[in-house]
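Summary of the model geometry
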Amino acid sequence: MQHLLSAADLDKESAISLLDLAEDMAETADRPHKKLPALRGRTIVNLFFEDSTRTRISFESAEKRLSADVINFSAKGSSVSKGESLKDSAQTLAAMGVDAVVIRHGSSGAPHLLAHRGWIHVPIVNAGDGTHEHPTQALLDAFTLRRRIHKNHSRGKDLAGVRVAIVGDVVHSRVARSNAWLLTTLGAEVTFVAPPTLLPASADSFPVAMVTNLDEILRQRLDAIMMLRIQKERIQGAYFPNEREYTRVWGLTADRFGALNENTFVMHPGPMNRGLEICSQAADSPSSTILEQVANGVFVRMAVLFSVLTGNEEL
Ligand code: CP
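This is a predicted model, so every value here is computed, not measured.

1. As for the layout of surface pockets
By volume, the largest pocket is sized at about 410 Å³. Taken together, the elements giving at least two residues each to the lining of the largest pocket come down to helix H2 (54-65) and helix H6 (174-185). Residues belonging to the lining of the largest pocket are distributed by class as follows: four nonpolar, eight polar and eight charged. Two domains each put at least three residues into the lining of the largest pocket: domain 1 (7-134 + 296-310) and domain 2 (135-293). For the second largest pocket, the lining is made up of 12 residues, of which Met 1, His 3, Asp 9, Leu 10 and Ser 14 are closest to its centre. With three residues, the top contributor of residues to the lining of the second largest pocket is helix H1 (residues 12-28). Each residue belonging to the lining of the second largest pocket can be placed in one class, and the counts come to five nonpolar, six polar and one charged.

Pasting the structure below:
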C-alpha cells in the first residue's frame, strides 16, 4: 500500500490484512515495554489544517509506539495564516526530510492532491478531508466491530451479515462515507438513517440502503447503531426545524436506548453532542464501544503507518 487516501481503495483482502496487522499491534500494548523499533529513523509529519483531538493524538501515539520521529504541524500558528499554500507548506516540510505525511484538511481531496500532483514523493495518509473520507476512522470502527463480534477469534474474519445503521448528519460526514465503503467491502449490510435533508442526494451513490425513519430501523435486528455528530460548523441553513425536534425524531434518546436490543453495540466516532444525537445513558453504557474505538484507533494507525512505510515487512 503506497498511500491510504480512501476506504474505497481497500479491497476485502487488503482490509482484512490491515485489521489483522492491527491485532498484532494490539498485542504489543499488553507488554511492559510497548514500543516497537519498526519505524526507528523514519520521520512522520502530522499536518493538521483542521481541529482534532482523537485522530491527531492517536496518530502521534501510533508513531511514537513504532519509534518514529514525529513532527506536529498545526495550521493555527503557522505560515498558513500568512497565505502559504498547501503545496508550499508540504514542500517546505518535505525539504526537511520527512518520510510520510499524515494530513487532515477542511477541503475534500487535499490528501489526493498531495499524493498525485508530484509536489512531494512520500506516503500520504488521509486523517480526514472535508466531507469526503476518514479511512482510518472506518478501519478502527471495523476493527472494533470485528472484535466485539468475533472476540479473540477475529483474525482473518470479515463482517459478513453484520447489520449496521449509521444515523444522523450523513451528508456532512466523512466517517459515514468511509464506513459505507469499508463495512460493505467486508460484507456488512449498512443503512444510512437521517432526515431527508441530511442524506446524500443520490440514493445509488453508496452501496447502502437509505431511510428516514429511525424507529422502523430500530425494530429490525441490528448489530450496531453508529450515531453521527451533527456538524454544526458545516451546517448553514435549516436542515431540520430545531435541535429539540432533531433529538425527538433522530436522536438516540434514553427511551430509544432502553428499547434497543442489549446485543446492539452503540458506536460514535466522537466528538459527541451529548443530549443532541446521543444520550449519556447510551454513550456510557456497556453496549457503548466509544472508548474502545478510541483505544483501537492507535493499533489501526500503527498498522497503516507500518504498511505504507515498510510495504508490510514482517513485524
Ligand atoms: N473521530 C474524529 O475524527 O475525532 P477528532 O476530530 O477529534 O479527530
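2. Some remarks on the site of the ligand
The ligand sits among Ser 52, Thr 53, Arg 54, Thr 55, Arg 104, His 134, Gln 137, Pro 269 and Gly 270. Between an oxygen atom of the ligand and a side-chain N or O atom of His 134, the distance comes to 2.9 Å. One of the side-chain N or O atoms of Gln 137 is found 3.1 Å from a nitrogen atom in the ligand. Put simply, the ligand lies in the largest pocket. Structurally, the shell around the ligand is a two-domain feature, drawing no fewer than three residues from each of domain 1 (7-134 + 296-310) and domain 2 (135-293).

3. Digging into the packing of aromatic side chains
The tally for this structure, following the rule as stated, stands at five aromatic pairs. Ring geometry for Phe 49 versus Phe 73: centroids 5.6 Å apart, planes at 55 degrees, classification tilted. Of this pair, Phe 49 sits in the loop between strand E1 (43-48) and H2 while Phe 73 sits in strand E2 (residues 69-74); the two residues are 24 residues apart in sequence, bridging distant segments of the chain. Here Phe 49 falls in the buried class, since its relative accessible area comes to 17%. Seen in terms of ring centroids, Tyr 246 and Trp 250 are 6.0 Å apart; in terms of plane orientation they differ by 35 degrees. Their pairing is tilted. Here Trp 250 and Tyr 246 lie together in helix H8 (residues 243-250), a separation of four residues that amounts to about one turn. No difference in accessibility class separates Tyr 246 from Trp 250, as the two residues are buried. What links up through ring pairs into an aromatic cluster is the set Trp 181, Phe 192 and Phe 206.

4. Brief notes about the sheet that holds strand E5 (residues 163-167)
The strands that make up a sheet pair up through hydrogen bonds in the backbone, lying either parallel or antiparallel. Taken together, five strands build an open sheet; the order of strands is E7-E6-E5-E8-E9 and the sheet is parallel. Where the open sheet ends on each side, the last strands, each with one partner, are strand E7 (209-211) and strand E9 (265-267). Across the sheet, the axes of successive neighbouring strands diverge by a mean angle of 20 degrees, strand direction being ignored. Bridging between E5 and strand E6 (residues 189-193) involves five bridges; their strand directions are parallel. Bridge pairing in E6 places Val 164 opposite Val 190. Against the sheet, helix H5 (residues 135-150) contacts E5, strand E8 (224-227) and E9, and its axis sits at roughly 165 degrees relative to E9.

5. Concerning the sheet that holds strand E3 (residues 100-105)
Pairing within the open sheet is parallel, and its four strands lie in the order E2-E1-E3-E4. At either end of the open sheet lies a strand with only one pairing partner, and these are E2 and strand E4 (124-129). The mean inter-strand angle of the sheet, taken between neighbouring strand axes irrespective of direction, is 15 degrees. H2 contacts E1, E2, E3 and E4 of the sheet and is inclined by roughly 180 degrees relative to E1.

6. Points about unusual backbone geometry
Look at the link from Gly 270 to Pro 271: it is a cis peptide, with omega at -10 degrees. Position of Pro 271 relative to the elements: it lies in the loop between E9 and helix H10 (280-283). Non-glycine residue Ser 67 carries a positive phi angle of around 70 degrees. Note on placement: Ser 67 falls in the loop between H2 and E2. Given a relative accessible area of 16%, Ser 67 falls into the buried group. Phi angles above zero are rare outside glycine, and Lys 151 is one such case at about 50 degrees. Inspection of the secondary structure assignment puts Lys 151 in the loop between H5 and E5.

Definitions and cut-offs
- Residues numbered from 1 in each chain as written.
- Predicted model: local features only at pLDDT ≥ 70, side-chain atom pairs only at ≥ 80, totals over all residues.
- Heavy atoms only, no water.
- 1 Å grid on protein atoms, 1.4 Å probe; cavity = no way out; pocket = protein on both sides within 12 Å on 5 of 7 lines; lining within 4 Å.
- Points joined across faces, edges and corners; volume = space filled by probe spheres on them.
- Helix = DSSP H or I, 4+ residues; strand = E, 2+ residues; numbered from the N terminus.
- Nonpolar A, V, L, I, M, F, W, Y, C, P; charged D, E, K, R; others polar.
- Domains from an automatic or database assignment.
- Near = heavy atom within 4 Å.
- Polar contact = N/O pair within 3.5 Å; in protein donor to acceptor, adjacent residues only side chain to side chain.
- Sits in = over half its atoms within 2 Å of the grid points.
- Phe/Tyr/Trp six-rings, centres within 6.5 Å; stacked < 30°, edge-to-face > 60°.
- Buried < 20%, exposed > 50% of the residue type's maximum accessible area, 1.4 Å probe, protein only.
- Pairing = 2+ DSSP bridges.
- Axes fitted to C-alpha atoms, helices over the stretch in contact; angles between N-to-C directions.
- Contact = heavy atoms within 4.5 Å.

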